Amino acid sequence: MIPTSYYLALSAILFAIGVAGVLLRRNAIILFMSIELMLNSANLVFVAYSRQFGTLDGQIMVFFVMTVAAAEVAVGLALIVTIYNSKASIDVDDASTLKG
Amino acid sequence: MFDLVPLILLFPVFGLLTNLIFGRNLSERLVGIIASGSSAAAFVISVIQVFALANNNFHAETVFIADWITIGKMYLPWQMRVDTLSVTMMVLVTGVGTLIHVYAIGYMHGDKRFARFFVYMNLFVVMMLVLVAADNYLMLFVGWEGVGICSYLLIGFWYDRGDNNLGNARAGRKAFVVNRIGDFGFLIAIFMMFGAVGSLQFDDVLHFFENHEIEVSQLATTITLLLLVGAAGKSAQIPLFVWLPDAMAGPTPVSALIHAATMVTAGIYMMVRSAPIYAIAPLSQMTVALLGAGTALMAGTIALAQWDIKRVLAYSTISQLGFMVAAVGLGAHVAAMFHLITHAFFKALLFLSAGSVIHGIEHGAHKSDDHFDPQDMRNMGGLKDKMKTTFSVYVIGAMALAGIFPLAGFWSKDEILADAWHVGAVEGHWHGMTVYILLALAAVITAFYMTRQIILVFFGSSRSAAADNATENPPIMTVPLIGLAILSVIGGGINLPWFHTLGSWLEHTHHFFHGIDFNLAIALISTGLAVTSIIVGFIVYHRRPLESSTAPDPLRSVLGPGLKFLYNKWYIDELYSATFIRLYEWKARFLAFQVDWVFWHDFVHDQIILKSFKNAAAILSGPVDKSGINKFFDGLAYSVQNIAVKVLRPLQTGYVRNYALGVMLGVVMVLGIILIN
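Structure report, in brief. Values in this document were obtained by computation on a predicted structure and should not be read as measured data.

Each value, and the rule that gives it
- Residues numbered from 1 in each chain as written.
- Chains lettered and ligands numbered in written order.
- Predicted model: local features only at pLDDT ≥ 70, side-chain atom pairs only at ≥ 80, totals over all residues.
- Heavy atoms only, no water.
- Helix = DSSP H or I, 4+ residues; strand = E, 2+ residues; numbered from the N terminus.
- Rg over C-alpha atoms; globule rule 2.2 N^0.38 Å.
- Buried < 20%, exposed > 50% of the residue type's maximum accessible area, 1.4 Å probe, protein only.
- Contact = heavy atoms within 4.5 Å.
- Areas by Shrake-Rupley, 256 points an atom, 1.4 Å probe, with all protein chains shown as cover.
- Lys, Arg positive; Asp, Glu negative; His and termini not counted.
- Charge placed at Lys NZ, Arg CZ, Asp CG, Glu CD.
- 1 Å grid on protein atoms, 1.4 Å probe; cavity = no way out; pocket = protein on both sides within 12 Å on 5 of 7 lines; lining within 4 Å.
- Points joined across faces, edges and corners; volume = space filled by probe spheres on them.
- Nonpolar A, V, L, I, M, F, W, Y, C, P; charged D, E, K, R; others polar.
- Phe/Tyr/Trp six-rings, centres within 6.5 Å; stacked < 30°, edge-to-face > 60°.
- Lys NZ or Arg CZ within 6 Å of the ring centre and 35° of its normal.
- Expected span 1.5 Å × (residues − 1).
- Buried area = accessible area lost by both parts, 1.4 Å probe.
- Salt bridge = Lys/Arg side-chain N within 4 Å of Asp/Glu carboxyl O.
- Pairing = 2+ DSSP bridges.

**A look at the overall build of chain B**
A tally of helices and strands in chain B yields 26 helices and 2 strands. Here the C-alpha radius of gyration of chain B, 36 Å, is well above what a compact globule of 677 residues would show, namely 26 Å. Structurally, chain B occupies a C-alpha span of about 140 × 65 × 50 Å along its principal axes. With 677 residues in all, chain B has 53% of them scored as buried. Considering only contacts in chain B between residues 6 or more positions apart, those separated by 24 or more positions represent 79%. When the accessible surface of chain B is totalled, it reaches about 29,100 Å², and 68% of it is carbon and sulfur. Separation between the mean location of the 40 positive side-chain charges and that of the 42 negative ones in chain B comes to 13 Å.

Following this line, the structure appears as structure tokens:
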């Protein structure tokens, strides 16, 4: 059986990739995908520990995370469509009008 | 029946309130009826009290009305005292008061302040009844001040008349101020009583002095002398009598009621009420007796030389009050009260008759359109036939005053003289003899100036057109005169020497009130002197009547410059004006101009307070506020702005990744802290 630490390492890598994606990319869709990546890395940790401890708590939490993520995407995509309608771009750097 | 006693106050109060509120809209007749009626109702209640006392074995009764002052040990209720002394005064005040009210309806006819006059008159009756019905010295003082204010209001009733249209107002002020001096003495006496006794109820105070005769004689002397100061103010004795002649500026019914019959006797009533204190202070008694006798003589001499018909009566009143005060000083309280009552009858009669004369003359003056003084006896003469009723009652009043047998004044004056003789000759006190001589002289002078007045007013030929046209007054004025004339004739009957009705009546109030036996010699001497004096008066004035209103007094050939001295009232007013009044005015001016204006206003206020305030305000507003506090808060605001612009604003880039980086760094920090711990 594959040791839990492997999963945790993979999860950390995925999370780091997600963070880097959020910080470095400018395309709003990519940003969302990176956020999804981070959420799923967390899911991976839940599931890994669930398997190790033989309980279902972690797996139930994953379902919650997935629903929240789906809801978030629905809201997020709506925002992106609106931004696109007003700016003709989905580059997040263009949506910087709240600058002080 | 004693329960009815508060009604004697309530009736006049009702009358005065009705006239005060509705009087303006009521007819003169109705106003007069309300005022006189309320006074008459009070009279009826007073008479009922006489019977109530008779039913009660003449024991004093107190009727509680309300609590007034309760502080610590001090308890002063509104409580009315019904004893023989107070009932005597109640009957007198309301009885004479009612007659004068009725008379005033006629006298004040057509006056533009008719209703107000009767409001004041009723208020006076209320206050006088408070005074005589009081059960403690402070309530008595309330009445005392109340009648004082009524006197002031009524002297100045025609405030727009007199010298410079101010004379009457000045007379009112003079009366008020002079009375204030007396009140000061009275108040101090009350304070001292309270200090010594701890109560102001008559029973407590008087018993205290009766029971502690030896220990408190010094205190009693001081208190009684201070009470004498109060009595001298209210009853117009030396040295405070100067206000009473000027008080004649008031309407004549006022002179009759307040300044002859009732209010001025308040001092005598108060001293009679305080008799037990006087009884243990021989020095005070002597002072009172001599002061009264001196006043009697001095005022009599002044009356000799006056031309104003009311002024003669005013000085005569002072003189007669002197008789009463002397009697109180001699311990002859019954004689004092007796003379007080008879004097109230005949002096009210004389004043009202004088008012009738003045009214008649003024009536004549309207016809002749002549500007002159209707009170100057030089403008009168020959009124005997024109005013028959007035003439006859005037003669009765004058004879009663002169002490002619068997009129009221004879009995009462004779009793005082008999008492003086008793104290002087039988008990052997030098002051008794002095008082007797002074009073006998005063009685002689009284008879003389009354003769002079009657001849000048009624005999001879009229010396002015107004006197020529004078007419008798309507019955509303003459009927009260007749009533008073009857009282002046039979008034002596209340205390005939063989019965001592008044004496035994008053004895129930204080055991040592008693009358004196009839002294035939004294009576013959005084009657003889009075008759002689009247005959001399007839010779002087009737043999050579005044021809015109500018002719000199026939007495001038006898008295010479002395007459001028008497005419100018011994220059007492001038003396007071030169000493007290000028000094007082100088002090007042000094205080007003030097102390108040120059020192307080110019120096203290303007220089010190205002300037230092201005300087302090300048420092506070300039250096402290503007450059200190203001700068600080300005700087604070600027620095907040700078921080915001230079530091916080650049942080707000608008780039999502910057915020995301911030969130991530925050998470890393939180996790780092958790891990380290």
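**Considering the environment of Tyr152 of chain B**
All names here are of chain B. With respect to the helices, strands and loops of the structure, Tyr152 is situated in helix α5 (residues 137-155). It is 23 Å that separates the C-alpha atoms of Tyr152 and Phe345, two residues lying 193 residues apart in sequence. With residues near it in sequence (within four places) discarded, Tyr152 still touches Gly172, Arg173 and Phe176.

**Structural notes on empty space enclosed by the protein**
Residues and elements named next belong to chain B. In total, this model carries 4 cavities of 30 Å³ or more according to the counting rule given. A volume near 60 Å³ is recorded for the largest cavity. Lining the largest cavity are Ala402, Gly403, Phe410, Lys413, Asp414, Leu417, Ala443, Ser526, Thr527 and Ala530. Mapped onto the lining of the largest cavity, the elements with two or more residues apiece are α17 (408-426) and α22 (520-542). Considering each element in turn, the lining of the largest cavity owes the most residues, 4 residues, to α17. Class assignment for the residues of the lining of the largest cavity results in 5 nonpolar, 3 polar and 2 charged.

**With respect to the packing of aromatic side chains**
Here the structure, examined in full by the defined rule, presents 31 aromatic pairs over all chains. Note on Tyr49 of chain A and Phe53 of chain A: the rings are 5.8 Å apart at their centroids and 15° apart in plane angle, and the pair reads as stacked. Of the two residues, Tyr49 of chain A and Phe53 of chain A are both situated in helix α2 (residues 28-53); the distance of 4 residues between them amounts to about one turn of the helix. A relative accessible area of 56% means that Phe53 of chain A is categorised as exposed. Ring centres of Phe117 of chain B and Phe157 of chain B lie 5.3 Å apart, and the angle between their planes is 75°; this geometry places the pair in the edge-to-face category. Of this pair, Phe117 of chain B sits in helix α4 (residues 114-133) while Phe157 of chain B sits in the loop between α5 and α6 (167-197), and the two are 40 residues apart along the sequence. Just as Phe117 of chain B is buried, Phe157 of chain B falls in that class too. Through pairs of rings, three or more aromatic residues link up here, namely Phe114, Phe117, Phe118, Tyr120, Phe157 and Trp158 of chain B. Geometry around Phe157 of chain B places Arg113 of chain B over its ring, the cationic atom sitting 5.6 Å from the centre.

**Digging into helix α18 (residues 430-458) of chain B**
Since the α-helix packs 3.6 residues into each turn, any two residues three or four apart lie on the same face. Residue and element names in this part refer to chain B. For α18, spanning 29 residues, the distance from its first C-alpha to its last is 42 Å, which sits close to the expected 42 Å at 1.5 Å a residue. Counting buried positions along α18 yields 22 of 29 residues, so the element is predominantly enclosed. Just past α18, the residue Gly460 takes up positive phi, approximately 70°.

**Regarding the interface of chain B and chain A**
Between chain B and chain A, the contact holds 10 residues from the first and 12 residues from the second. A buried area of about 940 Å², summed over both sides, lies between chain B and chain A, and 63% of it is on carbon and sulfur atoms. The largest per-residue losses of area from chain B upon contact with chain A belong to Tyr655, Val656 and Arg657 of chain B, which jointly make up 46% of the total buried on that side. Run the count over chain B and chain A and you get 1 salt bridge.

**Considering the pairing of strand β1 (residues 61-71) of chain B**
In the sheet, β1 of chain B pairs with strand β2 (residues 74-82) of chain B via 9 bridges, with the strands oriented antiparallel. Counted as the bridge partner of Glu61 of chain B is Val82 of chain B from β2 of chain B.

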